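Structural overview
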Amino acid sequence: MDSITNFLPLTDEVRAVKYKMRALVGDGQGNEVFLGLNREQSEWLIHYRQQYPMPIRGRGPSASERARYSDLYEKHNAARTFAP
């Protein structure tokens with residue numbers, strides 16, 4: 001976490017797990033981000049997961065939100081898969 005000054009809104013416990021999973025990194029500009037994503041995309045994913053922790057009939061995300069989530073999740077996982 002060296003040189004990160006702008007941390008994502010995560011608890012210390014969640015942050016520790018995400019670093020252990022190699023899911024979080026610094027972006028070189030002082031921002032904590034999900035590997036493979038920029039700051040805005042990382043914050044959007046966190047907000048989405050907080051707003052929709054589990055599917056609830058009638059109160060779920062829109063089709064465009066689900067598509068964006070899927071795209072960002074796949075981009076993040078691809079970056080983790082191919083990270084050294």
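Conventions and cut-offs
Residues numbered from 1 in each chain as written. Predicted model: local features only at pLDDT ≥ 70, side-chain atom pairs only at ≥ 80, totals over all residues. Heavy atoms only, no water. Axes fitted to C-alpha atoms, helices over the stretch in contact; angles between N-to-C directions. Helix = DSSP H or I, 4+ residues; strand = E, 2+ residues; numbered from the N terminus. Parallel < 35°, antiparallel > 145°, perpendicular 65-115°, else oblique. Left-handed = near helix turned anticlockwise from the far one by under 90°. Contact = heavy atoms within 4.5 Å. Polar contact = N/O pair within 3.5 Å; in protein donor to acceptor, adjacent residues only side chain to side chain. pLDDT = per-residue confidence, 0-100. Core = buried A, V, L, I, M, F, W, Y, C linked by side-chain atoms within 4.5 Å. Buried < 20%, exposed > 50% of the residue type's maximum accessible area, 1.4 Å probe, protein only.

1. Regarding the packing of helix 2 (residues 39-51) against helix 3 (residues 63-82)
Where helix 2 meets helix 3, the closest approach of the two axes is 11 Å, and the angle between their N-to-C directions is 125°. Of the possible angle classes, the one that applies to helix 2 and helix 3 is oblique. Our pair here, helix 2 against helix 3, has a crossing hand that is left-handed. Residues Glu40, Gln41, Trp44, Leu45, Tyr48 and Arg49 of helix 2 form the contact with helix 3, whose participating residues are Glu65, Arg66, Arg68, Tyr69, Leu72 and Lys75.

2. Structural notes on the side chain of serine 42
Relative to the helices and strands, serine 42 is located in helix 2. Side-chain polar atoms of serine 42 contact the backbone oxygen of asparagine 38, separated by 2.9 Å.

3. Here's the deal with the confidence of the model for the protein chain
Do not read the fine detail of predicted coordinates wherever pLDDT is low. On average, residues of the protein chain score 92 in pLDDT, and 95% of them reach the 70 mark or higher. Here helix 3 stands out as the element of the protein chain with the lowest mean pLDDT, 94, in contrast to strand 2 (residues 32-34), whose mean of 98 is the highest.

4. Some details on the nonpolar core
Counting residues in hydrophobic clusters, the biggest one holds twelve residues: Leu8, Leu10, Leu24, Phe34, Leu37, Trp44, Leu45, Ile46, Tyr48, Tyr52, Tyr69 and Leu72. Those elements that provide at least two residues to this core are helix 2 and helix 3. With four residues, the top contributor of residues to this core is helix 2.

5. With respect to unusual backbone geometry
One non-glycine residue, arginine 22, lies in positive phi territory at about 60°. According to the relative accessible area criterion, arginine 22 is partly exposed, its value standing at 43%.

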